[in-house]
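# Inside the fold
Listed below, chain by chain, are the residues.
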Amino acid sequence: MNSNILFVNLKWKGTEIFDSISKIQFKCIFDESLNLIDFKTGCIGFCYIQNSHQASSADYRKLLAKVNNNNPSLKLQAFVDYSNREFFASIQEFCSIELKIQIIPVESGANIAQYLERHMMSELQNEKNPFTKDLTINTNDQTVCSQLYLNCLKNIPKIGEKNAQTILRAYKS
């Protein structure tokens, strides 16, 4: 996973938002295949919902539902313009309750750049953290993780080797 690269939709080229994003310490690459997604890093896609005169909150609801349905493997988050509280509230209610999309209130493109930079920094720190690594290393048809579970179960009074293996097979963790 390349969490040190931010993919940016081509529609943001030459805008104030891209100027702010280009100042962060991560590499930004324009990607025309993002379609309805504005920014992407790792397995997280971001949409920016602006309070504009051209589109209503109903239009944005349709857009977010379409993006959410077309990208099931992508965790979606939405930057929503907070300048109009009524607009923000309607988008927030729809996203949080119906689509289960995380909402990030923003006031400007600089806020988006700051959030993306902090998000990417935290992802980079998670990759370096040895305690977040998966312990499942294959060794003779049994993983280290399942061996640890087996040892824990065997330490419970009145559960022997056979019962511990049966429990582990039934519940897998």
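Not measured: the values here are computed from a predicted model. (Residues numbered from 1 in each chain as written. Predicted model: local features only at pLDDT ≥ 70, side-chain atom pairs only at ≥ 80, totals over all residues. Heavy atoms only, no water.)

### Considering the confidence of the model for the protein
Per-chain confidence: the protein averages 81 in pLDDT, with 84% of residues scoring 70 or above. Here residues 135–142 is modelled with pLDDT under 50, and outside its nearest four sequence neighbours on either side it reaches 11 contacts, counting other chains as well. (pLDDT = per-residue confidence, 0-100. Contact = heavy atoms within 4.5 Å.)

### A closer look at helix H3 (residues 85–99)
Between its terminal C-alpha atoms H3 stretches 20 Å, which fits the 21 Å expected from 15 residues at 1.5 Å a residue. When H3 is considered as a whole, its buried residues turn out to be Phe87, Phe88, Ser90, Ile91, Phe94, Cys95 and Leu99. All buried residues of H3 lie within an arc of 165 degrees about the axis, which places them on one face of the element. Opposite its buried face, H3 presents the exposed residues Arg85, Glu86, Glu93 and Ile97, each directed more than 90 degrees away. Looking at the buried side of H3, the elements it contacts are strand S4 (44–49), helix H2 (57–70), strand S5 (75–81) and strand S6 (102–106). The N-capping residue of H3, defined by a side-chain oxygen 3.0 Å from the backbone nitrogen of Glu86, is Asn84. Just beyond H3, the residue with positive phi is Lys100, at close to 55 degrees. (Helix = DSSP H or I, 4+ residues; strand = E, 2+ residues; numbered from the N terminus. Expected span 1.5 Å × (residues − 1). Buried < 20%, exposed > 50% of the residue type's maximum accessible area, 1.4 Å probe, protein only. Arc of directions from axis to C-beta. Polar contact = N/O pair within 3.5 Å; in protein donor to acceptor, adjacent residues only side chain to side chain.)

### Examining the pairing of strand S1 (residues 5–9)
Here S1 lies mainly inside the structure; four of its five residues are buried. Summarising the sheet, S1 and strand S2 (residues 27–31) pair through five bridges and their orientation is parallel. Its bridge partner lying in S2, Asn9 is registered against Asp31. Viewed along the sheet, the connection from S1 through helix H1 (residues 16–21) into S2 turns out right-handed. (Pairing = 2+ DSSP bridges. Right-handed = clockwise from strand over helix to strand, strands pointing away.)

### Quick word on the sheet that holds S5
Taking strand neighbours across the sheet as the criterion, the six strands line up as S2-S1-S3-S4-S5-S6 in an open arrangement whose pairing is mixed. Edge strands, defined here as strands with exactly one partner in the open sheet, are S2 and S6. Mean inter-strand twist for the sheet, computed between neighbouring axes without regard to direction, equals 25 degrees. Judged from the five bridges that link them, S5 and S6 form a sheet pairing that is parallel. Bridging across to S6, Phe79 finds its partner in Ile104. Against the sheet, H2 touches S4 and S5, its axis set at about 170 degrees to S4. Its contacts with the sheet place H3 against S4, S5 and S6, and it is angled at close to 160 degrees to S6. (Axes fitted to C-alpha atoms, helices over the stretch in contact; angles between N-to-C directions.)

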